[in-house]
Amino acid sequence: VRVGRDKEVTIETNRKLWFLWINYEGEWDADIITNPNIVKHLENLDDNYLIFCVLHGQYKTNLFLMEKEELIKRLKSL
């Protein structure tokens, strides 16, 4: 898990990203960046959820811990 490096995720150019959100009770869900409702889903999450981005690279897969408000702002600008 990459923490504090969410700005490295190429949201603006990578249309194959998945987002995973999980809360402290173990409830979770996931969605793909191209879903037109992704912003609405993220906005409806309470503060008990952590949001991760799954980034598949050429040689490995990385999981980035995302900052919710910054992620929503970036997604809205697409």
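As the structure is a computational prediction, the values presented were derived from the model and not from experiment.

Draft legend 1. Seen up close, the pattern of salt bridges. Within the structure shown, the criterion is met by 3 salt bridges. Residues Arg-5 and Glu-8 are paired through a salt bridge, measuring 2.7 Å at the closest nitrogen-oxygen approach. What makes Arg-5 partly exposed here is its relative accessible area of 33%. On the basis of relative accessibility, which here comes to 42%, the residue Glu-8 falls in the partly exposed class.

Draft legend 2. Representation of the side chain of Lys-68. Relative to the assigned elements, Lys-68 resides in helix 2 (residues 68-76). Glu-69 provides the closest opposite charge to the buried, unpaired Lys-68, separated from it by 4.6 Å. A distance of 2.4 Å separates the side chain of Lys-68 from the backbone oxygen of Leu-45, its partner in a polar contact. Residues in contact with Lys-68, not counting those within four places in the same chain, are Leu-42, Glu-43, Leu-45 and Ile-51.

Draft legend 3. Summary view of helix 2. Of all the residues in helix 2, the buried ones are Lys-68, Leu-71, Ile-72, Arg-74 and Leu-75. Buried residues of helix 2 fall within an arc of 165 degrees about the axis and therefore sit on the same side. Along helix 2, the residues that are exposed and aim more than 90 degrees away from the buried face are Glu-69, Lys-73 and Lys-76. Turning to helix 2, the residues buried within the fold contact strand 1 (18-23), helix 1 (38-43), strand 3 (49-56) and strand 4 (61-66).

Criteria and cut-off values
- Residues numbered from 1 in each chain as written.
- Predicted model: local features only at pLDDT ≥ 70, side-chain atom pairs only at ≥ 80, totals over all residues.
- Heavy atoms only, no water.
- Salt bridge = Lys/Arg side-chain N within 4 Å of Asp/Glu carboxyl O.
- Buried < 20%, exposed > 50% of the residue type's maximum accessible area, 1.4 Å probe, protein only.
- Helix = DSSP H or I, 4+ residues; strand = E, 2+ residues; numbered from the N terminus.
- Lys, Arg positive; Asp, Glu negative; His and termini not counted.
- Polar contact = N/O pair within 3.5 Å; in protein donor to acceptor, adjacent residues only side chain to side chain.
- Contact = heavy atoms within 4.5 Å.
- Arc of directions from axis to C-beta.

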